[in-house]
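# Breakdown of the fold
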Amino acid sequence: MATFAIGVDVGGTNLRIAAVDANGKILEKITTGTEVSRGREQVIFELTSSIREMLNKFRGSGRLAGIGIGIPGIIDLQSGMLHESPNLPGWQDYPVKEEIERKLGTTVVLENDANAAALGEKWLGAGNTVDDLCMITLGTGVGGGIVFQGRIWHGMTGMAGEMGHVTVEPDGVPCGCGGRGCVEQYASATAIKRMAVEAIATGRAPELARAMNEEPEFSAKVVYQMAVQKDEPALQIFRTVGRALGIVIASAVNIFNLPMYVIGGGVASAWDAFSPSMLEEVRQRSFVYRATVPQESARGVQGTRVHDDALPSRRSTIITRALLGSDAGLIGAARLPMISKESGHRMVGSSGQRETSEVSS
Ligand SMILES: [Zn+2]
């Protein structure tokens, strides 16, 4: 019997559920609107009923590996508590894992959504040729995930990898996290829109001003379209995006010396606009990067699909685009129970030992 897992990606606007087989093939995917404004009980209800629906459909045809759920916010993995989520107002200190498990009558694996996306890219996306990677997801906010030896690196409580809140401007724009000048304030879709509005306010961005008047849904996407048309103020905004990302990646390269850094999320589709300044910034700021820069011209390797045989050397630092698009988090969420089962026995064994020694001491 084939094995499958259920992956769930909880977003601020969408709730997506998929049944995924052991090879990563999406058997079925459903997307529903998350009515965050109707409160967490409603979201949990929609989430658990969709999971149940998917389970009923596939239970007869395969063995369930488990249910993995990617959720935006700061999660304490041990308690399954969601501490804070900018996309899910009213969920502070909410025992989300316990609530879902109680409603479903079965265990689930909970994970931060950006961590899940990093795992997805490692499994089936840009990172499938490497063991370690760091992923930065550019959406409404900026998320991050670090994968070491094929597994998400959780830190002490599951909160590691918050790349979006690394400081790039010490006295910069205030951030929702309480800091200032976080990369999220310069490289998220929200930040791109804000920078466009700021540029318009100076009176020196007439084309952007016109676009804002014409487009009721003025967004980062519109700013990118202006950049494609070589509008200088729009290009300048994406240089700022690239510079901010470059500063963070240069630090990550210096700290971790990983083989791959992946940029994903909706804003990553503006790669052409921000990657030249990003790569230049990394080159200037990281001597580790300069020592491991791919042998071919950086432009030929960076940002394109990296096949095994295309890697100039296993010892190069690759900075590239994500390949799974908006499915990365969903696929990564489905992968969670598959790999936590593999390690389940060992984990039970080691914690059991620790408990024994604590009792005897
Ligand atoms: Zn921040």
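Here goes a summary of the coordinates provided.

## So, the pairing of strand E4 (residues 62-71)
With respect to burial, E4 is a largely interior element, eight of its 10 residues being buried. Bridge analysis of strand E1 (residues 2-10) against E4 gives eight bridges, and the strand direction is parallel. In the strand pairing of E4, Thr-3 is matched with Arg-63. The sheet contact formed by E4 and strand E7 (residues 109-112) spans four bridges and is parallel. Paired with Gly-68 across the two strands is Val-109, which belongs to E7.

## Considering the pattern of salt bridges
The final tally for this structure, using the stated rule, is 16 salt bridges. Where Arg-16 meets Asp-9, a salt bridge forms, and the shortest distance between an N and an O atom there is 3.6 Å. In this structure, Arg-16 and Asp-9 share a single accessibility class: buried. The partner of Glu-214 in a salt bridge is Arg-210, with the nearest N and O atoms 3.1 Å apart. Here Glu-214 and its partner Arg-210 are both found in helix H6 (residues 206-214), four residues apart, which amounts to about one turn of the helix. When salt bridges with common partners are traced through the structure, they connect Arg-40, Glu-41, Glu-99, Arg-102 and Lys-103 into a single cluster.

## As for the coordination of the zinc ion
Coordination sphere of the zinc ion, protein contribution only: His-165 (ND1), Cys-175 (SG), Cys-177 (SG) and Cys-182 (SG), at 2.0 to 2.3 Å. One can describe the site at the zinc ion as tetrahedral: its four donor atoms subtend angles covering 104 to 121 degrees at the metal. Along the chain, the residues donating to the zinc ion fall in the pattern H-x9-C-x1-C-x4-C. Remark: Cys-175 occurs in the loop between strand E10 (151-152) and helix H4 (184-187) and His-165 occurs in the loop between E10 and H4; sequence separation between them is 10 residues. Taking relative accessible area as the criterion, His-165 reaches 29% and is therefore assigned partly exposed. In this structure Cys-175 comes out as buried when scored by relative accessible area, which is 10%.

## Regarding the environment of Val-267
You can see Val-267 is positioned in the loop between strand E11 (260-264) and helix H9 (271-285). With relative accessibility at 8%, the residue Val-267 sits in the buried group. Linking Val-267 and Ala-220, residues 47 residues apart in sequence, is a C-alpha distance of 7.7 Å. When neighbours within four sequence positions are excluded, Val-267 is seen to be in contact with Leu-138, Gly-139, Ala-187, Ser-188, Ala-189, Ile-192 and Phe-274.

So, how was this worked out
Residues numbered from 1 in each chain as written. Predicted model: local features only at pLDDT ≥ 70, side-chain atom pairs only at ≥ 80, totals over all residues. Heavy atoms only, no water. Buried < 20%, exposed > 50% of the residue type's maximum accessible area, 1.4 Å probe, protein only. Helix = DSSP H or I, 4+ residues; strand = E, 2+ residues; numbered from the N terminus. Pairing = 2+ DSSP bridges. Salt bridge = Lys/Arg side-chain N within 4 Å of Asp/Glu carboxyl O. Donors = N, O, S within 2.8 Å, 3.2 Å for Na, K, Ca; no water. Tetrahedral: all angles 85-135°; square planar, octahedral: opposite > 155°, others 65-115°. Contact = heavy atoms within 4.5 Å.

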